[in-house]
Every structure is written in C-alpha cells, then in structure tokens.
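Fold and contact review
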Amino acid sequence: MQVKDCLVSAPGKTILHGEHAVVHGKVALAVSLNLRTYLKLKSSSNDKVCINLPNIDTFHCWDLSDLKQFIPYINGTKDEAQRLDAELVRRLRDFVGVTNGNLNNGNTACLTFLYIYLSVFASGELPALTITVWSELPTGAGLGSSAAYSVCLAAALLCAAGTIPTSLREWDQTARWCQEDLEHINSWAFQGETIIHGNPSGVDNAVGTWGGMLRFLAGKIIPLSRVPLLRILLTNTKVPRSTKALVARVKDKINKFPSIMNPVLDSVDAISYTCEKVLTCEPITGEHYSILEELIDINQHHLNVMGVGHPALDTVCRVTLAKGLHSKLTGAGGGGCGITLLRPETDSSVVQNTMQDLKDCGFDCWETSIGGPGVQQHSPSSVKEEILEILEQY
C-alpha cells in the first residue's frame, strides 16, 4: 500500500488561569502555545515502518512482517477511536520492550505510534512509511508536548489511511480540517495520551487539535471563539516537580482549612470567568490589558496561598515586574514554567533585556504567543527552514 506524504503540526498548551482549582470543580482556561510539534510522514518502499524522534534521541525501524502479527488482536475499525484496546497495548508493550522499570520517553512514544498506526490501518494493508518528528516544545515541562505529538500522529496517519481527507490544496500554504475531521483526530490523540499518561483530562489534546482557547469545567471542554493572539514570554525554571504531589498538597490544605481555601478557589473561578469575558471583547484595548495584568497578579498570589509556588517562580515574577511586566506560574507549579504577558506596544529592547535577565537566572526563556491555530497541514514552504532541514535529514 502506497500512502501520500504529508507534513503536519500541532501546538503545545499552557494554562492561563484555573490550575489546581479545576481539580475541585472550577473553570480553567487552557490556551494554545505557538511553540509547535512538526511531523513529516513519508511513504517508503523498503517494507519497513520507521520513526525518528531526534528531540529525545529515539530512532526505530520495524519490519512490516513483524507488525502484521498484531492485526488479529485489533478491535473496531479504522473509522473509530473506541476505548483503549488494553490487550493490544499489552502485546505492544512486550514487543517494544516497555516494562515498568523501562518507561522512558522514547519507548512510550514508540508504543503510542505503533498503537495508532496499527489501529488506523487495521482493516487494510499495512503501509511502509517513515515518520519524523521535531518539536519546539521542551518535554516534561507541562506544556503539552506529548499531546502535540499524539495529535500530529493522529492527523498524519488518518490522512495517510484516507480516513480523513487531505486538507491542503495545491495553492495552500497551510490548511485545517473540518469540525468532524478534527473530532476524529482528537479522539485518536486522546488514545495516545491515555497510553502515555494513563488517565488524561483530554484538555491537552483538545488544545492541540482546535487551538485557541478552551474552557474546561467538570470534564466538559468548550472551545471559545474570537480569542485574540497574546504575546507572552514563556519561562522554564527547569525545576522538576511532581504534579501528583502538588495536587495532593492543595487537597490537604483545603481539607485542613476549608473556610479559608474554598473562597480562594471561588476567587480563582471568578478570575477565569473575568479573563474569558475580557478576551472576547473587540477590540482589546490598553484598559483590557491592565485588567489582564491584574488578574495575573491576583491569581499568582492565590497559587502561592495554595502552596504550589516556588522560589524560582517568585524570581520570575520579581525579574519581570522590575521591567513593568506581570507573570504567573502555569501548570502544576512547584517549579516548572511561568508566563509573562506582553502588551502589543512593549518595546523589543524591554523584551530582550527581560529575557536575558531570566536566562542569567539559569532559566530557559522564549518569546512566543498564545491563542494560535490547532493542528494544521503544511506545504514545505510554510515551515521554518531550520525545522524543515531537521525533518528532511531522515
């Protein structure tokens, strides 16, 4: 079976407001991050299926004859992303060599790829192909890198199988799929996230699929329309943290001081709603930016009250405030990443000096934006030259 080559990308994600409060039934606003994962799918004639993941130094090839042994164990059809097929996952774990003591990023990424590849092509002939992925997103920083990977896999493989159409016309630079196709991509990407994380919320893959901003409340994910692109600095403190431990810490504090902590959660909820209301105003004015900055400051204080702050994140807030910029942690906290809002008129020298000050603290820092498009198909000319060079090496 010959498949069409394709090139796709999906964004990372960050939480604008509502982290931790969302666990307790409050609203969270998740937004796409204009740091993207790119995937190139190329047809092959060597009866092999190969994956190249240079970000994590993982390169594997499998013979088609070895992969065909799994076909009898696949339930459903390529048109359906049903509940995760635990038996297929178990057999692929053994095949890839993923044991409980060997769950590294490379093995998990290969397992996810093989699961979606085999499931999507189950009712037809398995094609020989090569997948190469390159990401601008750091792994393990809470920025949705695994979801962006899963979304790219789902889009490219569904497209190659003919389950969804190629969205790119001859004259297009980039193109997106219709709502029905996006839902299909998202359902398979969620399967990938389930393999990687066990019990994902579905927020990360939804942001990777639709882009923009999503409201997440009690398990329901609602994409919001007309959300503007916002310039931000994204800072990775590189301080490792355990999301599970931080969630437990907040829960303990709520149980210990319910009359104190429940109003804090209610306030974070109100911040999310207020932010959403501001961002759906047209146009966004300087007054709106002042409100967004105040909301960032208030929420950061609340997150410190919840016990998920960290001295490194305090440093980010202090360094940026010295330049008149406002920052908060994003994600689980306890280290990890922070975001800093940049007004449209913020001078480039201020941005560069702030980035340098943050890098001098030992942090990684990027200027980027939030609210951009979700999964896209690309013509090669629409992809940055340095990324295209990496993708074409393999």
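Every value quoted in this text rests on a predicted model; they were computed, and no experiment measured them. (Residues numbered from 1 in each chain as written. Predicted model: local features only at pLDDT ≥ 70, side-chain atom pairs only at ≥ 80, totals over all residues. Heavy atoms only, no water.)

1. Regarding the overall build of the chain
When helices and strands are counted, the chain shows 12 helices and 13 strands. The C-alpha extent of the chain, read off along each of the three principal axes, is 60 × 50 × 40 Å. Buried residues in the chain amount to 56% of all 394 residues. Restricting to contacts in the chain with at least 6 residues of sequence separation, those with at least 24 account for 76%. Entry remark: accessible area of the chain is about 16800 Å², with carbon and sulfur atoms responsible for 50%. (Helix = DSSP H or I, 4+ residues; strand = E, 2+ residues; numbered from the N terminus. Buried < 20%, exposed > 50% of the residue type's maximum accessible area, 1.4 Å probe, protein only. Contact = heavy atoms within 4.5 Å. Areas by Shrake-Rupley, 256 points an atom, 1.4 Å probe, with all protein chains shown as cover.)

2. Remarks on unusual backbone geometry
The residue after Glu282, namely Pro283, is reached through a cis peptide bond having omega -10°. A positive phi angle, near 50°, is found at Ala218, a position not held by glycine. Following the sequence through the fold, Ala218 ends up in the loop between strand 7 (213–217) and strand 8 (220–224). Non-glycine residue Lys238 carries a positive phi angle of around 65°. For Lys238, the location among the structural elements is in the loop between strand 9 (230–236) and helix 7 (243–256). Here Lys238 falls in the partly exposed class, since its relative accessible area comes to 49%.

3. Description of helix 9 (residues 286–306)
Turn by turn, an α-helix covers 3.6 residues, leaving residues three or four places apart pointing in a common direction. The terminal C-alpha atoms of helix 9 lie 30 Å apart, and with 21 residues this matches the ideal 30 Å at 1.5 Å per residue to within 8%. Once helix 9 finishes, Gly307 follows within two positions and takes phi at roughly 90°, a positive value. (Expected span 1.5 Å × (residues − 1).)

4. Structural notes on the packing of aromatic side chains
By the definition in use, this model includes five aromatic pairs. Taken together through their ring pairs, the aromatic side chains of Trp62, Phe113, Tyr117 and Phe121 make up a single cluster. (Phe/Tyr/Trp six-rings, centres within 6.5 Å; stacked < 30°, edge-to-face > 60°.)

5. Here's the deal with the pattern of salt bridges
Counted according to the given criterion, the structure contains 15 salt bridges. The residue Lys384 makes a salt bridge to Glu136 at a minimum N-O spacing of 2.5 Å. Separated by 248 residues along the polypeptide, Lys384 in the loop between strand 13 (376–378) and helix 12 (385–391) and Glu136 in the loop between strand 5 (129–135) and helix 4 (145–161) bring together distant segments of the chain. Exposure remark for Lys384: the relative accessible area of 39% places this residue in the partly exposed category. For Glu136, a relative accessible area of 18% gives the class buried. Close ionic contact of Lys323 with Asp357 constitutes a salt bridge, the shortest N to O distance being 2.6 Å. With Lys323 in the loop between helix 10 (311–321) and strand 10 (326–330) and Asp357 in helix 11 (residues 348–360), this residue pair connects regions lying 34 residues apart in the sequence. Look at Lys323 and you get partly exposed, because its relative accessible area is 30%. Salt bridges linked by common partners bring Glu87, Arg90, Arg91 and Asp94 together as one network. (Salt bridge = Lys/Arg side-chain N within 4 Å of Asp/Glu carboxyl O.)

6. Quick word on empty space enclosed by the protein
Taken as a whole and assessed by the stated rule, the structure comprises one cavity of 30 Å³ or more. Counted as a void, the largest cavity has a volume near 60 Å³. As for the largest cavity, its lining consists of Leu16, His17, Leu230, Ile232, Cys275, Leu279, Leu292, Ile296, Ile339, Leu341 and Ile370. At the level of elements, strand 1 (6–17), strand 9, helix 8 (258–279), helix 9 and strand 11 (337–342) are the ones that each hand at least two residues to the lining of the largest cavity. Across the lining of the largest cavity, the residue classes tally to 10 nonpolar, one polar and no charged. (1 Å grid on protein atoms, 1.4 Å probe; cavity = no way out; pocket = protein on both sides within 12 Å on 5 of 7 lines; lining within 4 Å. Points joined across faces, edges and corners; volume = space filled by probe spheres on them. Nonpolar A, V, L, I, M, F, W, Y, C, P; charged D, E, K, R; others polar.)

7. Quick notes on the environment of Ala86
Relative to the helices and strands, Ala86 resides in helix 2 (residues 86–96). Exposure remark for Ala86: the relative accessible area of 57% places this residue in the exposed category. For the pair Ala86 and Ile74, spaced 12 residues apart in the sequence, the C-alpha separation amounts to 10.0 Å.

8. Digging into the environment of Gly371
Relative to the elements of secondary structure, Gly371 occurs in the loop between strand 12 (364–370) and strand 13. Residue class for Gly371 comes out buried when judged on its relative accessible area of 15%. In this structure, Gly371 is in contact with Ser32, Gly212, Pro228 and Leu229, ignoring residues within four places of it in sequence.

9. Regarding a negative patch on the surface
Taken together, the side chains of Glu385, Glu386, Glu389 and Glu392 make up a negatively charged region of the molecular surface. Tracing the chain through its elements places Glu386 in helix 12. Taking the relative accessible area as the measure of exposure, Glu386 reaches 49% and is therefore partly exposed. (Patch = residues over 30% accessible without salt bridge, like charges linked within 9 Å, V, L, I, M, F, W, Y side chains within 5 Å. Lys, Arg positive; Asp, Glu negative; His and termini not counted. Charge placed at Lys NZ, Arg CZ, Asp CG, Glu CD.)

10. What to know about helix 11
Along its 13 residues, helix 11 runs 18 Å from first to last C-alpha, staying within 8% of the 18 Å computed at 1.5 Å per residue. Where helix 11 is concerned, the buried positions are Val351, Thr354, Met355 and Leu358. The buried residues of helix 11 occupy an angular sector of 100° when projected down its axis, which confines them to one face. Buried residues in helix 11 make contact with strand 9, helix 10, strand 11 and strand 12. (Arc of directions from axis to C-beta.)

11. Thoughts on the layout of surface pockets
Here the largest pocket is characterised by a volume of approximately 1500 Å³. Forming the boundary of the largest pocket are 48 residues, of which Lys13, Gly142, Glu193, His197 and Asp204 lie nearest the centre. Of all the elements in the fold, those that place two or more residues in the lining of the largest pocket are strand 1, strand 2 (28–43), helix 3 (105–120), strand 5, helix 4, helix 5 (179–197), helix 6 (203–210) and helix 7. The greatest single-element share of the lining of the largest pocket, amounting to four residues, is contributed by strand 2.

12. Remarks on the nonpolar core
Soluble globular proteins tend to bury their nonpolar side chains together. Grouped together as the largest cluster of nonpolar side chains are 92 residues, with contacts concentrated most on Leu41, Phe113, Tyr117, Phe121, Leu129, Ile131 and Ile185. If you tally residues by element for this core, the top one is helix 4, at 13 residues. Apart from residues lying up to four places away in sequence, Ile185 is in contact with Val151, Ala154, Ala155, Leu158, Ile164, Trp177, Thr209 and Val375. Core analysis: the next-biggest nonpolar cluster, separate from the first, contains 14 residues, Ala21, Val250, Val268 and Leu329 among them. (Core = buried A, V, L, I, M, F, W, Y, C linked by side-chain atoms within 4.5 Å.)

Worth remembering: the numbers are spatial, not functional.
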